[in-house]
Amino acid sequence: MSEYLPGLEGVPATQSNISDLDGTRGILTYRGYRIVDLALHSTFEETSLLLLDGHLPTYAQLEEFDQQLRSNRIVKYNVREIMKYLPATGHPMEMLQTAVASLGMFYQGDECLTGGSQCSDLNYVHNMSVKIIARMATIVAMWEHVRNGYDPYAPRKELNYAENLLYMFSGEDPDPFMARIMDASLILHAEHTINASTFAALVAGSTLASPFLVIAAAIGTLAGPLHGGANQRVVEMLEEIGRPENVKAWLDEKLASKARIWGMGHREYKVKDPRATILQKLMHELMEHRGGNMGPMFETALALEEACEEKLAPKGVYANVDFYSGILYKEMGIPPDQFTSIFAIARSAGWLAHWREQLGDNRIFRPTQVYTGQSERDYVPISER
Ligand code: COA
């Protein structure tokens, strides 16, 4: 009998050359490039193409991809009509999953997915990836207005991905500093080896489901608070704590009741998540940009991280990517229940890179189980039970 490992801890689910992490040194690379360098020098558009194609693009390649993304931002009005019938109180990730799945009905033509173990039509794979990455931001921002009873802002072609995302939320010309921070955050969230949502994408992709359903499966998986949903919980938790001086008593009480501290801990990292380090630095830059004018939330977060270090570091539990991202998005005026949707926008690039890799050498996922139920027995008619 094979050994059962809960949560598949340490079990390789695939072979991949997209990203790699060193959980003891706190290093994450996309296609061999450290994310700290990408966050500093790249753009979300360039990083997406790097993830999809495997190499840094030339000027011409990047320009072509960027134009494709800009031309694919518009979402059919039918999707907006669907949104109008969804309850405004529903979670944005549920809307996002619905909207992305529905897109598949408009963009069929998945012949390359119907047979064999390989999809050789790279044009199809690339075009679908562009369609999805470009529309993710539009859908998320559209919902913000539709759920409040307004018409959404149309995407603006002259803006880059991060700028357009901020514009579509606020309707105002984006502050270049904020747009650069959003761009860096999108880069940091774009990919992260075989996490739960990427695994869901791989499983769906291995059945040759359409890319829209592959991404819908991943969106549903990212939504949970143990995964991408944690960034919303972090901000709610910091609001509950209120001020840095409340941290110690609050933490003692939570740990005594065995509660989870949102934004802390990671299966793979036994040191601080490198993405959290970069996001924290971006928060400091933002504070400087604002002349030190920030509410108490960031300081409360810093105090909480310090207090957690004392209590949780012995278990290898440190701040993860979700610890600072929510505070950053809040400062950008994005409502907390949309934080995970912003994560999903970025991660669509990584999911699609894995989908493409899976199709390159596909075999359907069909694991086994350790059966713990009844042994074979005779059916008992209802009158005799
Ligand atoms: N708060 C308090 N304790 C935590 C913790 C947290 N956020 N994360 C892990 N721990 C503790 C567990 O209680 C456990 O302690 P024990 O051995 O005394 O029972 C130990 O650390 C190992 O935790 P475990 O749940 O087995 O780790 P995992 O690899 O299965 O789970 C996470 C990883 C990410 C799901 C987990 O750390 C977590 O729930 N974090 C909070 C949610 C979050 O921020 N998710 C975003 C991840 S990017």
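Keep in mind the model is a prediction, meaning the values are calculated, not measured.

**A few points about the site of the ligand**
And step 1. Inspection of the region around the ligand gives 18 residues, with Arg260, Ile261, Gly263, Met264 and Arg267 positioned closest.
And step 2. The separation between a nitrogen atom of the ligand and a polar main-chain atom of leucine 226 is 3.1 Å.
And step 3. The separation between an oxygen atom of the ligand and a polar side-chain atom of arginine 267 is 2.7 Å.

**A look at the pairing of strand β1 (residues 19-22)**
And step 1. Residues Ser19 and Leu21 of β1 are buried on one face, while the alternating residues Asp20 and Asp22, pointing to the opposite face, are not.
And step 2. Judged from the four bridges that link them, β1 and strand β2 (residues 27-30) form a sheet pairing that is antiparallel. The partner of aspartate 20 across the bridge, within β2, is threonine 29.
And step 3. Between the end of β1 and the start of β2, which pair antiparallel, lie four residues, with glycine 26 showing a positive phi angle near 70°.

**Things to note about the sheet that holds β2**
And step 1. Ordered by their spatial adjacency, three strands build an open sheet running β1-β2-β3, and the pairing between neighbours is antiparallel. A single partner strand is all that each edge strand has here, and the edge strands are β1 and β3 (33-34).
And step 2. Here β2 runs beside β3; their pairing, made up of two bridges, is antiparallel. Bridging from a neighbouring strand, tyrosine 30 pairs with tyrosine 33 of β3.

**Some words on the pattern of salt bridges**
And step 1. The tally for this structure, following the rule as stated, stands at 17 salt bridges.
And step 2. Residue arginine 156 is joined to aspartate 173 by a salt bridge in which the shortest nitrogen-to-oxygen separation is 2.9 Å. Taken as a pair, arginine 156 in the loop between α6 (122-146) and α7 (161-170) and aspartate 173 in the loop between α7 and α8 (176-189) lie far apart in primary sequence, 17 residues in all.
And step 3. One salt bridge connects glutamate 285 with lysine 281, and the closest N-O pair in it is separated by 3.3 Å. Residue glutamate 285 and its partner lysine 281 are both found in helix α13 (residues 274-289); the two are separated by four residues, about one turn of the helix.
And step 4. By relative accessible area, which is 32% here, glutamate 285 ends up partly exposed.
And step 5. Residues joined in a network through salt bridges with shared partners are Glu144, Arg147 and Asp337.

**Things to note about the domain arrangement of the protein**
And step 1. Domain boundaries assigned for the protein yield domain 1 (17-224 + 337-360) and domain 2 (230-331).
And step 2. Summarising the inter-unit geometry, the C-alpha centres of domain 1 and domain 2 are found 26 Å apart.
And step 3. If you look at where domain 1 meets domain 2, you find seven residue pairs in polar contact (both at pLDDT 80 or more).
And step 4. Among the elements that line the side of domain 1 that touches domain 2, the one with the most residues is α8, at eight residues.

**Points about the packing of helix α9 (residues 196-206) against helix α10 (residues 211-222)**
And step 1. Where α9 meets α10, the axes come as close as 8 Å, and the angle between the chain directions of the two elements is 150°. Classed by the angle they form, the pair α9 and α10 counts as roughly antiparallel. Taken as a pair, α9 and α10 cross one another with a handedness that is right-handed. On α10, the residues touching Ala196, Ser197, Ala200, Ala201, Ala204 and Gly205 of α9 are Val214, Ala217, Ala218, Thr221 and Leu222.
And step 2. Taken together, the residues of the contact of α9 with α10 break down into eight nonpolar, three polar and no charged.

**Brief notes about the environment of leucine 251**
And step 1. Among the secondary structure elements, leucine 251 is positioned in helix α12 (residues 247-256).
And step 2. When the C-alpha atoms of leucine 251 and lysine 311 are compared, they prove to be 9.1 Å apart, with 60 residues separating the residues in sequence.

**Side note on the packing of aromatic side chains**
And step 1. Inspection of the entire model under this criterion finds eight aromatic pairs.
And step 2. Ring centres 6.5 Å apart and planes at 65° place the aromatic pair tyrosine 124 and tryptophan 355 in the edge-to-face group. Of the two residues, tyrosine 124 is situated in helix α6 and tryptophan 355 in helix α16 (residues 339-360); the sequence distance between them amounts to 231 residues.
And step 3. With a relative accessible area of 1%, tryptophan 355 lands in the buried category.
And step 4. Each member of the aromatic cluster is reached from another via a ring pair, and the members are Phe298, Phe323 and Tyr324.

**Some words on unusual backbone geometry**
And step 1. Positive phi is not limited to glycine here, since leucine 208 has a value of about 70°.
And step 2. With respect to the helices and strands, leucine 208 occurs in the loop between α9 and α10.
And step 3. A residue is classified by how much of its surface remains accessible, and leucine 208, at 22% relative accessible area, is partly exposed.
And step 4. With a phi close to 60°, lysine 258 is a non-glycine residue in the positive phi region.
And step 5. Looking at the element boundaries, lysine 258 is found in the loop between α12 and α13.

Reading the values: rules and limits
Residues numbered from 1 in each chain as written. Predicted model: local features only at pLDDT ≥ 70, side-chain atom pairs only at ≥ 80, totals over all residues. Heavy atoms only, no water. Near = heavy atom within 4 Å. Polar contact = N/O pair within 3.5 Å; in protein donor to acceptor, adjacent residues only side chain to side chain. Buried < 20%, exposed > 50% of the residue type's maximum accessible area, 1.4 Å probe, protein only. Helix = DSSP H or I, 4+ residues; strand = E, 2+ residues; numbered from the N terminus. Pairing = 2+ DSSP bridges. Salt bridge = Lys/Arg side-chain N within 4 Å of Asp/Glu carboxyl O. Domains from an automatic or database assignment. Axes fitted to C-alpha atoms, helices over the stretch in contact; angles between N-to-C directions. Parallel < 35°, antiparallel > 145°, perpendicular 65-115°, else oblique. Left-handed = near helix turned anticlockwise from the far one by under 90°. Contact = heavy atoms within 4.5 Å. Nonpolar A, V, L, I, M, F, W, Y, C, P; charged D, E, K, R; others polar. Phe/Tyr/Trp six-rings, centres within 6.5 Å; stacked < 30°, edge-to-face > 60°.

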